[in-house]
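Notes for the structure review
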Amino acid sequence: MSETRKENSSDGETKPQTSFVNKFFGGSKLRSSKAERGKESNDLRTTDSQPSAETQKTAALDTAKPLPSEMELGCRMEKNEQFLQKLGKNAVDKCLDLNSCRLTTADVREMVTLLPFLPDLEKLDISWNDFVGGTLHSVTEQMHFVSKLKSLRLSSCRLTTNDVQALGEALKAVPDLEELNLSWNSNVGGNLSLILQNFQAGSKIQVLELVDCALTSEDGAFVGQLLPMLQSLEVLDLSINRNIGGSLHSIAQGLKSASTLKVLKLQSCGLSQKSVKLLDAAFRYLGELRKLDLSCNKELGGGFEDSPAQVASLEHLAVLDLHQCSLTAGDVVSLTQVIPLLLSLQELDLSANKKMGSSSENLLSRLRFLPALTSLLINNCALERETFTALAEASIHLPALEVLSLSWNKCVGGNLKLLLETLKLSTSLHVLRLSSCSLVTEDVALLASVIHTGHLARLRKLDLSYNDSICDAGWAIFCQNVWLLKELTELDISLRPSAFRDCGQWFRHLLCAVTRLPEITEIGMKRWVLPPSLEEELQCFDRDHRSSVHFDHGGCQ
């Protein structure tokens, strides 16, 4: 208790304070002024002077079941405040966020005592607390106190089968629930119907996230049957449930009734070529879809060859993620006809599809018809000079581009000059990733020249790691100019895991540049070997800038 509170209490008054209690318990404010106390006292004297039979009867009942006094209520509130302060949490109206608080079993019990005091609670997040598992029943038993709850997040809580069953019953008490996140709880798998069985037609659920829940094929079929009842659903994330691919027919049928859906994530769900055809039939009913993630489904390759037509009907689609889908040359040909028609597309990820290297020239060339594109990820696609040239020419026509990632495409090395016009014209590029691109000294000198002439001024993250062929002279030119990137926050020039190399005198230029970069926080320099003199300078720098800049030179010999 603070000295201020002690002084306030010593004169017999409790003065109004804007505290945790007031924010969370706005409907239960303690009376604080003498005027209010006087009015209450007068009312009581008036009532006491004219007692009625009914009053006496009520008084007798009150004596039998005494109500909590203001002192008791205030004590309870103060304990609640101390509990959240212990967890480093601040009060926010209608929200109790205990995500990643390392709650113990005792903490969970104490949290449960909060719920009766939170009748207006709308958001409860206790995700990433392992000890919630096995104790959730104590929370669900109090769920009726928070019947206005709209968001319940329980991801990675190690829920047990008993927890899952208790949750299914408790959801009856929160009819206004709009968001439910049970991700990373493996016992949800095989028991999904027990949790969601009480969702009826007219449910208000808008967000349903079930990432890595070990869902079974039967769970997938249940989701398909449930979807027509969720007429407000906007986000459905079933990612990393590899067994639901076999029930995709049911899910696709259900999606035909999910006209409000805006986000569909099916990353690593065991999808096959046939899955693409099933989903394509549902896309015509998903006119509001904004984000589609089919990534990391390696058996999907070949599925787009005959059935991508309905993807073009997704006129509001802003994000398309197809990375690591083993796309074939035939897939690329089909997508060439579709992707340029997605005029609202802002983010496209085709990374880790190595067969694109020799077959994507037309597709990459036609990206120029996507003026809203802000993020383009084509890492590790085995691009060849012709396909890289097509991409470079198209990128000139992407004025909104903020993120460009070409890492692990060896053809970029020695050919960065093809991107020269893009780098000069770009006024919005924030992230440029060229890791393991076989860059040579001429490439990094070109980049330094672009920076020197005032371009790339808005760049925040630059990744030049794993380009071991750049000589000391190239690094020196680059480090002498990098200070001009005033918004830069992260720079990575690390060497490959198998390579160790002596750091040249250019390192002094880098240290000098960092002192002139107001936003920089991270410098990656793994496996560069510093001589004793430079090591001493880095130690001095670390001492002077410990709170703002981190040099990651792990792996140094």
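Predicted model only: the values in this text are computed from it and were never measured. (Residues numbered from 1 in each chain as written. Predicted model: local features only at pLDDT ≥ 70, side-chain atom pairs only at ≥ 80, totals over all residues. Heavy atoms only, no water.)

**Describing the overall build of the protein**
Summing up its helical and strand segments, the protein has 20 helices and 19 strands in all. The buried share among the 557 residues of the protein stands at 48%. By sequence separation, contacts in the protein at least 24 residues apart represent 86% of the contacts at least 6 residues apart. About 25700 Å² of surface is accessible on the protein, with carbon and sulfur atoms providing 50% of the total. (Helix = DSSP H or I, 4+ residues; strand = E, 2+ residues; numbered from the N terminus. Buried < 20%, exposed > 50% of the residue type's maximum accessible area, 1.4 Å probe, protein only. Contact = heavy atoms within 4.5 Å. Areas by Shrake-Rupley, 256 points an atom, 1.4 Å probe, with all protein chains shown as cover.)

**Regarding a negative patch on the surface**
A surface patch of like charges, here negative, comprises Glu361, Glu384, Glu386 and Glu393. Secondary-structure assignment places Glu361 in helix H14 (residues 361–365). (Patch = residues over 30% accessible without salt bridge, like charges linked within 9 Å, V, L, I, M, F, W, Y side chains within 5 Å. Salt bridge = Lys/Arg side-chain N within 4 Å of Asp/Glu carboxyl O. Lys, Arg positive; Asp, Glu negative; His and termini not counted. Charge placed at Lys NZ, Arg CZ, Asp CG, Glu CD.)

**Structural notes on the pattern of salt bridges**
Considering all chains together, one arrives at 15 salt bridges under this definition. Across the pair Asp125 and Arg153 runs a salt bridge whose closest N-O atoms are separated by 3.7 Å. A residue pair is termed long-range when its members are at least 10 positions apart, and Asp125 in strand E2 (residues 123–125) and Arg153 in strand E3 (residues 151–153) qualify at 28 residues. The salt bridge involving Asp552 is made with Lys526; its shortest N-O contact spans 3.7 Å. Residue Asp552 is located in strand E19 (residues 550–552), and its partner Lys526 is located in the loop between strand E17 (522–524) and strand E18 (528–529); the two are separated by 26 residues in the primary sequence.

**As for the packing of aromatic side chains**
On inspection of all chains with the given rule, the structure shows eight aromatic pairs. A centroid spacing of 6.4 Å and a plane angle of 90° characterise the contact between Trp475 and Trp528, whose relative ring orientation is edge-to-face. A residue pair is termed long-range when its members are at least 10 positions apart, and Trp475 in helix H18 (residues 472–481) and Trp528 in strand E18 qualify at 53 residues. For the ring pair Trp506 and Trp528, a centre distance of 5.0 Å and an interplane angle of 80° mean the geometry is edge-to-face. Of this pair, Trp506 sits in helix H19 (residues 506–514) while Trp528 is found in strand E18, placing the two residues 22 residues apart along the sequence. A relative accessible area of 2% places Trp506 in the buried class. (Phe/Tyr/Trp six-rings, centres within 6.5 Å; stacked < 30°, edge-to-face > 60°.)

**Describing the packing of helix H11 (residues 248–255) against helix H12 (residues 273–283)**
Between H11 and H12, the shortest axis-to-axis distance is 8 Å and the interhelical angle comes to 15°. By the angle class used here, H11 and H12 are roughly parallel. Relative to H12, the crossing made by H11 is right-handed. Contact residues: Leu248, His249, Ala252 and Leu255 in H11; Ser275, Leu278, Leu279 and Ala282 in H12. Classifying every residue of the contact of H11 with H12 gives six nonpolar, two polar and no charged. (Axes fitted to C-alpha atoms, helices over the stretch in contact; angles between N-to-C directions. Parallel < 35°, antiparallel > 145°, perpendicular 65-115°, else oblique. Left-handed = near helix turned anticlockwise from the far one by under 90°. Nonpolar A, V, L, I, M, F, W, Y, C, P; charged D, E, K, R; others polar.)

**Digging into the packing of helix H10 (residues 217–226) against H11**
Running from amino to carboxyl end, H10 crosses H11 at an angle of 15°, the nearest separation of the two axes being 7 Å. It follows from the interaxial angle that H10 and H11 lie roughly parallel. The element H10 and its partner H11 pack so that their crossing is left-handed. The residues of H11 that touch H10, namely those facing Gly220, Ala221, Gly224 and Gln225, are Ser250, Ile251 and Gly254. Tallied by class, residues from the contact of H10 with H11 come to two nonpolar, five polar and no charged.

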